[in-house]
Amino acid sequence: MTPKRKMTPKRKRLWLLIGSLCVLGAAAALVLSALSDNIVFFYSPSQLAEKHVPPERRFRLGGLVEEGSVRKEGSEVRFRITDLNRSLEVVYRGILPDLFREGQGVIAEGALDRDGVFMAREVLAKHDEKYMPPEVAKALKESGRWQEGEGTKK
Amino acid sequence: MADLHFLANPARFRRFSQRVLPALSIVTALALAIGLYWGLVVAPPDYQQGDTVRIMFLHVPTASLAMGGYLLLAALGASLLVWRHPLAALMARATAPVGATYAAVCLITGSLWGRPMWGTYWVWDARLTSFLLLFFLYLGHIALSRAYDDSERGDRAAAILAIVGAINVPIIKFSVDWWNTLHQPASIMRMGGPSIDPSLLWPLFWMMGALALLFVTLVLLRTETEIDRRRLEIAENQD
């Protein structure tokens, strides 16, 4: 057996610190995993189908604006939000963000009505993590190496 | 004598910092000027965000540096609590307000970016909320370190806060992966390399370096001040 090193005060403090950090980290991980259902910012149409949210309950719905689904009737906009698996009809009255267009990621806040249509009070645009100049975007699209999730601006 | 031991390291640090600060300030100013010109004038607009994307050159570096600064604060806290390093407490006092300012700049620029692109100044998603918490942790550190008449007690209390709060830094980083958020996922430090075109990525890296230099410059300068302040305090107490 190797002789034990004497615990100097410094060593003791260091181990105390490491020990409390481990406990703290574990506690944080437990709290966050317990809360994970509440930290979710929005539901996708598929998640919504599993949840059975009652009408009039406010929540956020996120996904892509389905291609060819946008119809404007006066100040009212109707479109479908899809996760490429399921989709849901959305009605919104108000100003849309600049990035809103077919194929764009959006998050709508509102509630379902009795017919299962999502009545949005607010529509936010969600963009992806890609940044590039317009010429590069054009070249990549033409060469077919990149499929734009979101149609080009206007 | 306890006082001599206390001043030994800070005094050496102060001489070192006084020697490098003039040159460092000039390099920082030049780097910032080049970076801002590169980012705001030379760099191309984004294909979908247009010129708004230029907010990134301030938003992303201040975010990274505010998080890095907090890790520094936690490391200083640990070296104060474990090794009783005399300089650590002074440097922590110097760092916290700089980090808080970076966090504030990140929050403000993010808000101004969010309005035209997302359609809102603020949402309570996991990324934004955890970053706001970082800002409050900085403010808490500043307040706590000054909350006691005995400044060493304040230093120790703030050190504990810095270490505990460091748990929030990985939460901020991975919030966009663990939960769905309005904020987009990571663009730079991610699997498969950065998703930013080089024409936008290089000025971003440059600004990251320039703002890091500014961070270091401000912390050195403020640490010098803290050393002088602590010396005065000791002198007053001896009278």
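Bear in mind the structure is a predicted one, so any value in this text is a computation, not a measurement.

1. Side note on the overall build of chain A
Each helix and strand counted, chain A has 3 helices and 6 strands in total. At a minimum sequence separation of 6, the contacts of chain A that also span at least 24 residues come to 48%.

2. Structural notes on the UniProt feature "domain: Cytochrome c assembly protein" (unreviewed entry) in chain B
The feature "domain: Cytochrome c assembly protein" (unreviewed entry), as given by UniProt, occupies residues 24-183 of chain B in the numbering adopted here. Summarising residues 24-183 of chain B: 78% helix, 0% strand, and an end-to-end C-alpha distance of 35 Å.

3. A few points about the nonpolar core
Of all hydrophobic cores here, the largest spans 90 residues; its most connected members are A:Val106, A:Ala108, B:Ala66, B:Ala92, B:Leu134 and B:Ala162. The element contributing the most residues to this core is helix H2 (residues 56-83) of chain B, with 17 residues. Apart from residues lying up to four places away in sequence, B:Ala66 is in contact with B:Gly99, B:Tyr102, B:Ala103, B:Cys106 and B:Leu134.

4. A closer look at the pairing of strand S1 (residues 59-65) of chain A
All names here are of chain A. The buried count for S1 comes to 5 of 7 residues, which makes it a mostly enclosed element. Sheet topology places S1 next to strand S5 (residues 105-112); 6 bridges connect them, and they run antiparallel. Paired with Leu-64 across the bridge in S5 is Gly-105. Pairing of S1 with strand S3 (residues 76-82), which is carried by 2 bridges, proceeds in the antiparallel orientation. Counterpart to Val-65 in the pairing with S3 is Ile-81.

5. Focus: the interface of chain A and chain B
In this complex, chain A contributes 35 residues to the contact, which on the side of chain B involves 33 residues. Put simply, the parts of the chain that give the side of chain A that touches chain B at least two residues each are helix H1 (9-39), strand S6 (118-126) and helix H3 (134-142) of chain A. Counting residues per element, the side of chain A that touches chain B draws most heavily on H1(A), which supplies 10 residues. Looking at the side of chain A that touches chain B residue by residue, the classes come out as 21 nonpolar, 5 polar and 9 charged.

6. Thoughts on the UniProt feature "binding site: heme" (unreviewed entry) in chain A
Mapped onto this structure's residue numbering, the UniProt feature "binding site: heme" (unreviewed entry) falls at A:His127 and A:Tyr131. For A:His127, the position within the fold is in the loop between S6 and H3. Take A:His127: there are 21 C-beta atoms within 10 Å of it, and that puts it in the buried class. Those residues in contact with A:His127 that lie beyond four places of it in its chain are A:Leu99, A:Gly105, B:Gln48, B:Met117 and B:Gln184. Assignment of secondary structure puts A:Tyr131 in the loop between S6 and H3. Classification of A:Tyr131 by C-beta neighbours within 10 Å gives buried; the count is 26. The residues contacting A:Tyr131, other than those within four sequence positions of it, are B:Asp46, B:Val53, B:Ser187, B:Ile196, B:Asp197 and B:Leu200.

7. What about the UniProt feature "transmembrane region" (unreviewed entry) in chain B?
Residues and elements named next belong to chain B. UniProt annotation of "transmembrane region" (unreviewed entry) refers to residues 20-40, 60-83, 95-114, 126-145, 157-180 and 200-221 when read in the numbering used here. Across residues 60-83, the secondary structure splits into 100% helix and 0% strand, with the terminal C-alpha atoms separated by 34 Å. What you have in residues 126-145 is 100% helix and 0% strand, and the ends, taken at the C-alpha atoms, are 28 Å apart.

What counts, and where the lines are drawn
- Residues numbered from 1 in each chain as written.
- Chains lettered and ligands numbered in written order.
- Predicted model: local features only at pLDDT ≥ 70, side-chain atom pairs only at ≥ 80, totals over all residues.
- Helix = DSSP H or I, 4+ residues; strand = E, 2+ residues; numbered from the N terminus.
- Contact = placed C-beta atoms within 7 Å.
- UniProt positions renumbered as here; feature names shortened; annotations may be inferred.
- Core = buried A, V, L, I, M, F, W, Y, C linked by C-beta atoms within 7 Å.
- Buried ≥ 20, exposed ≤ 12 C-beta atoms within 10 Å, placed from the backbone.
- Pairing = 2+ DSSP bridges.
- Nonpolar A, V, L, I, M, F, W, Y, C, P; charged D, E, K, R; others polar.

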